[in-house]
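Each chain, written out:
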Amino acid sequence: MQTTIGAGAGRDPGGVPEESTRGRALFDLDGRVALVTGSSRGIGLALASGLAEAGATVVLNGLGADRLEASRRRLADRFGEDRVHAAAFDVTSPEEVRRGVAWIEDSVGPLRILVNNAGIQHRVPLLDLATEDWDRVIAADLTSAFLVGREAALRMVPRGAGKIINVCSVQSDLARPGIAPYTAAKGGLRNLTRAMTAEWAGRGLQVNGLAPGYIDTEMTRGLVEDEAFNAWVRGRTPAGRWGRVQDLVGPAVWLASDGSDYVNGQVVFIDGGMSVVV
Ligand code: NAP
């Protein structure tokens, strides 16, 4: 008896995969256009570089034009001018996001992969937190993913294909004193990933999250240099060390590739085990 399981119904369910679903081809991003927001430095730059390594044509983004151009230059020297582009726009501005994504579609090509990575931190106890700082962090860390995600999905949905990766955090699940707006935003981003999945998974998009633990970047430089905090991170992390930006590349390539075509709405924690051990 043949059961109906949607697309692909009628194939031998226990059969040997076709050639194109095996091995390296699964993770091949050749010819796919990827936008990584906040990729002038840190995690975003490492992810853009990793996606380019896997074959993607990448678009870097950030606020500061000079730093963005310097990063574009570095990657273009490795991967070629035609494979590395830059679009400076503010991910918290609906109008700039609209223009930025339109420019990518017109000048680079159809957007297939979006990594919502841009984000900021603001460390102040809740009782001292100004409303404008709360708003600023929520806008950069949560609303931005809605704005860029919506603009990208407006193109991806009619084409029936697209990968969106929202860069969450261990703070999507765990709180710490002094970073309430960040924790609220990253928790919201986890659920936005699910909301996008509810509406777009049936239209051919896979939306997932990457949740890094403590990674050594400019954002955490003060914490790395704080001896007590540094020791706390190493002691609290089962892997016994800070994360490196390169630790996030493999999972990002997977979530951007055909290898994750039936992975929907998940948040993958890349945290050396911090979120599963007390
Ligand atoms: P980072 O070194 O501070 O870099 C932040 C990037 O975001 C920069 O490229 C910055 O551009 C860009 N950016 C900030 N606001 C923007 C805006 N409004 N519009 C466009 N670009 C903007 O940060 P990171 O450590 O790499 O963190 C990247 C992401 O990972 C963030 O979402 C962060 O919350 C998350 N994360 C980090 C860690 C960690 O331990 N580092 C852990 C968990 C999650 P400019 O260079 O122009 O300022």
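Keep in mind the model is a prediction, meaning the values are calculated, not measured.

Take the overall build of the protein next. Helix and strand counts for the protein come out as eight helices and seven strands. Seen through its principal axes, the protein has C-alpha atoms that stretch 65 × 45 × 35 Å. Classification of the 278 residues of the protein by burial places 48% in the buried group. Residue pairs in contact within the protein that sit at least 24 positions apart in sequence constitute 74% of those at least 6 positions apart. Working note: accessible area of the protein is about 13,600 Å², and carbon and sulfur atoms make up 52% of it.

Tracing the chain through its elements places S172 in the loop between β5 (162-167) and α5 (180-200). By relative accessible area, which is 10% here, S172 ends up buried. Among residues more than four places away in sequence, those in contact with S172 are K186, G187 and R190.

Turning our eyes to something else, we now look at helix α1 (residues 42-53). Compared with the 16 Å implied by 1.5 Å per residue over 12 residues, the 17 Å span of α1 between its first and last C-alpha is a close match. In terms of residue burial, α1 counts as a mostly covered element, since 10 of its 12 residues are buried. Within two residues after α1, G55 carries a phi angle of roughly 115 degrees, on the positive side.

As a further point, take the pattern of salt bridges. With the rule as written, the count across this model stands at 17 salt bridges. We note a salt bridge from R159 to E105, for which the minimum N-O separation is 2.8 Å. With R159 in helix α4 (residues 131-159) and E105 in helix α3 (residues 94-107), this residue pair connects regions lying 54 residues apart in the sequence. Judged by its relative accessible area of 39%, R159 falls in the partly exposed class. The exposure class assigned to E105 is buried, which follows from its relative accessible area of 18%.

Cut-offs and rules
Residues numbered from 1 in each chain as written. Predicted model: local features only at pLDDT ≥ 70, side-chain atom pairs only at ≥ 80, totals over all residues. Heavy atoms only, no water. Helix = DSSP H or I, 4+ residues; strand = E, 2+ residues; numbered from the N terminus. Buried < 20%, exposed > 50% of the residue type's maximum accessible area, 1.4 Å probe, protein only. Contact = heavy atoms within 4.5 Å. Areas by Shrake-Rupley, 256 points an atom, 1.4 Å probe, with all protein chains shown as cover. Expected span 1.5 Å × (residues − 1). Salt bridge = Lys/Arg side-chain N within 4 Å of Asp/Glu carboxyl O.

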